[in-house]
Amino acid sequence: MVLYTAPFPNSCLSALHAVSWALLFPCYWLADRLVASFIPTTYEKRQRADDPCYLQLLCTVLFTPIYLALLVASLPFAFVGFLLWSPLQSARRPYIYSRLEDQGSASGAALLSEWKGTSPGKSFCFATANLCLLPDSLARLNNVFNTQARAREIGQRIRNGASRPQIKIYIDSPTNTSISAASFSSLVSPQGSDGVARAVPGSIKRTASVEYKGDGGRHPSEEAANGPASGDPAEGVGLEDACIVRIGGEEGGRPPEADDPAAGGQTRNGAGGSPKGQTPNHSQRDGDSGSLGSPSASRESLVKTRAAADGGGSGEPGATNSKFPYKASGVKKAAARRRRHPDEAFDHEVSAFFPANLDFLCLQEVFDKRAAAKLKDQLHGYFEYILYDVGVYGCQGCCSFKFLNSGLFFASRYPIMDVAYHCYPNGRRSDGLASKGALFLKVQVGSTPQDQRIVGYISCTHLHALPEDSAIRCEQLDLLQDWLADFRKSTSSSSTANPEELVAFDVICGDLNFDNCSSDDKLEQQHSLFTHYKDPCRLGPGEEKSWAIGTLLDTDNLYDEEVCTPDNLQKVLESEEGRREYLAFPTSKSPGAGQKGRKDLLKGNGRRIDYILYAEEGLWPDWKAEVEEFSFITQLSGLTDHLPVAMRLMVSAGEEEA
């Protein structure tokens, strides 16, 4: 299949579209800024609380007439641009494919040679997040602002987390049974500018294992501009010294292990990372592990703790790095069967970082095209293959007029083979203005010694948002399953007698806009999708696993000091009291019930509306897919009103099970 690297089939249409957008953009930008000036976020309200009232009034009196005058002057040009822009959308392609070929040893072609379909199997890491990258005036309705700067910062944080060394911190505490027993927070974190480290209490024992796999596609030019990548080892300290850290605790914890890490086209259409954009609500703070260049982002505190305990271990990082994977490979089978949570088949956590060696990233609400381009440029520092600007505009078939695209965005370290996009035809009211739909992808993740392709299927979607429209969401779930079945059938080149492709996984990611605890969402909770795909966080309809938490944040509290950094938000979400304070819960039907009083009466861990589902059927018969890890991620604190989620899936031969 030919992947579209440009939105239009020829340069003439592209030029006409550029002219139409140049006529439209001034009016669009002025209207957006004018409306945004009257929708302050809670952060801006707090900033203005100390300013004299007359300053704000003066700015409003001065600039509002100027914006209005310029807006009125731009309307004739916008009208002409719209008349030209609208019919061009019928010829527009449903996505733009971008590939950055200069990835060296981390390229998709190199990753394909890492797995031949034989034991001990292969793990793949998936993540999904709703970024709320809307035009600024609309984003402010969710209490976030400065869409362009947020897009750059989000891209840097995701790249920073995914390209770091794969570090696991195990906590073994007989008195701690909460989610914090699986925390990935730093062993020590800087407190203030003096850099004094605060150690974890001695009653807790944590064991960390580290495996480093290069710079994750980081460009050499970025090293000079931004300093060492957060995944680089501390100067003069070998990775072997940072491998094991024990602080207090009981004896009898399991020995440290290093798991086998996840492995990690047509035109050169990408770009390297751009300079970091900062806005007041996401400026770096001390101990902010999510920001690029943060001390805790690279786990330097973990390395220094070990070095101080041993009298300052030294050694060449390169030499240690060459020996460490050999040690890891000796224990990978044992590590695969040892869990931090004996009562669960896989590990789960609240993490301040995106998973190391992230393979596939599915994003929603990347509606703003300029923000999508900035996000793409940042993510190309790690992901070689990206699909963005997904969706349709204007009048398309029986659908209503679409002013926004689908908001879907996909990034992959592995080559993309086939793509299909479908727009949901039943969106209504505000959701009907965007071309929400489903994006289906087929990726190649390896090849067998017999030259059979090993492939996987990934679906990314964003369902109808209005809470009262359960029937519409169920119809969209039906369409999702039908479209996915058609996509698999149309892109399969195999037959039972002569298989040319072996299917390793089938995963669905996205914001489904319903949870598994609300009484109003019972219709969706019982949908047949959950009989064909497994939700790692779910026990059954209306019943969550005890460790699962909500992914929708309470927008009123996004800028509270307690949750304004990834580490702070992680700590808050590890306590039941913190979750009740800062997560969104189902809407109460009781008249006159206040927000605080309502939350005091609720049980559970908030609304989980962001999902990663996987199929256990429809794969190559000799293989099975099992979840290794599931995480709720706080690295985008202050940048979006959702928690990203991630899942690491192990695909292995069935006979390998002991």
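Everything discussed here concerns the structure shown above.
Here, residues in each chain are numbered from 1, in the same order as that chain's written sequence. Under the rules for a predicted model, residues below a pLDDT of 70 receive no local features and side-chain atom pairs below 80 are neither given nor counted, while totals for whole chains, interfaces and linings still include all residues. Think of the side-chain values as coming from all heavy atoms in the structure, minus any hydrogens and water.

Peer 1: Could you give me a rundown of the pattern of salt bridges, with the residues and numbers involved?
Peer 2: Any Lys or Arg side-chain nitrogen found within 4 Å of a carboxyl oxygen on Asp or Glu counts as a salt bridge. Applying the stated rule across the entire model yields 26 salt bridges. Residue Arg33 is joined to Asp136 by a salt bridge in which the shortest nitrogen-to-oxygen separation is 2.9 Å. With a gap of 103 residues between them, Arg33 in helix α1 (residues 11–36) and Asp136 in helix α5 (residues 136–139) connect regions that are remote in the sequence. The class for Asp136 is buried, based on a relative accessible area of 7%. Note that Asp560 is salt-bridged to Arg46, the shortest N-O span being 2.7 Å. Salt bridges here are not isolated pairs; linked through shared partners, they connect Arg33, Glu44, Asp136 and Arg140. Put simply, DSSP marks the helices as runs of H or I at least four residues long and the strands as runs of E at least two long, and each gets a number from the N terminus on. Relative accessibility decides the category of a residue: with a 1.4 Å probe and only protein chains considered, values under 20% of the type maximum give buried, values over 50% give exposed, and everything between is partly exposed.

Peer 1: Break down the sheet that holds strand β7 (residues 347–351) for me, with residues and values.
Peer 2: The strand order across the open sheet built from eight strands is β1-β9-β10-β8-β2-β19-β18-β7, with neighbouring strands paired in mixed fashion. Where the open sheet ends on each side, the last strands, each with one partner, are β1 (96–99) and β7. Each strand axis lies, on average, 15 degrees off the axis of its neighbour in the sheet, ignoring direction. Paired strands are those between which DSSP finds at least two bridges. Taken together, the five bridges between β7 and strand β18 (residues 623–633) define a ladder with parallel strand orientation. The residue bridging Val350 from the neighbouring strand is Phe632, located in β18. Only the stretch in contact is used when fitting a helix axis, every axis being a line fitted to C-alpha atoms; angles between N-to-C directions are given from 0 to 180 degrees.

Peer 1: Talk me through helix α15 (residues 566–573); I want residue IDs and the actual numbers.
Peer 2: Of all eight residues that make up α15, six are buried, and the element is covered over most of its length. Those residues of α15 that fall on the buried side of the exposure criterion are Pro566, Asp567, Leu569, Gln570, Val572 and Leu573. Looking at the buried positions of α15, the neighbouring elements they touch are α6 (147–162), β7 and α16 (576–582). The criterion used for residue contact is that any of the two residues' heavy atoms lie within 4.5 Å.

Peer 1: Kindly report on the sheet that holds strand β11 (residues 416–423), identifying the contributing residues and their values.
Peer 2: Overall, mixed pairing links the five strands, which are arranged β11-β12-β13-β14-β17 in an open sheet. Across the chains shown, the open sheet's two edge strands, defined by having one partner strand only, are β11 and β17 (610–614). The average undirected angle you get between the axes of adjacent strands in this sheet is 15 degrees. The pairing of β11 with strand β12 (residues 437–447) spans seven bridges and is antiparallel. Each residue of the ladder has a partner; that of Tyr421, found in β12, is Leu439. Contacting β11, β12, β13 (453–462) and β14 (501–511), helix α12 (residues 470–491) runs over the sheet at an angle of about 35 degrees to β12.

Peer 1: Give a description of unusual backbone geometry that names residues and reports values.
Peer 2: For residues that are not glycine, phi is negative in most cases, and the peptide bond is trans in most cases. Its identity as a non-glycine residue notwithstanding, Asp389 has a phi of 50 degrees, on the positive side. Examined against the element boundaries, Asp389 turns out to sit in the loop between β9 (385–388) and β10 (409–412).

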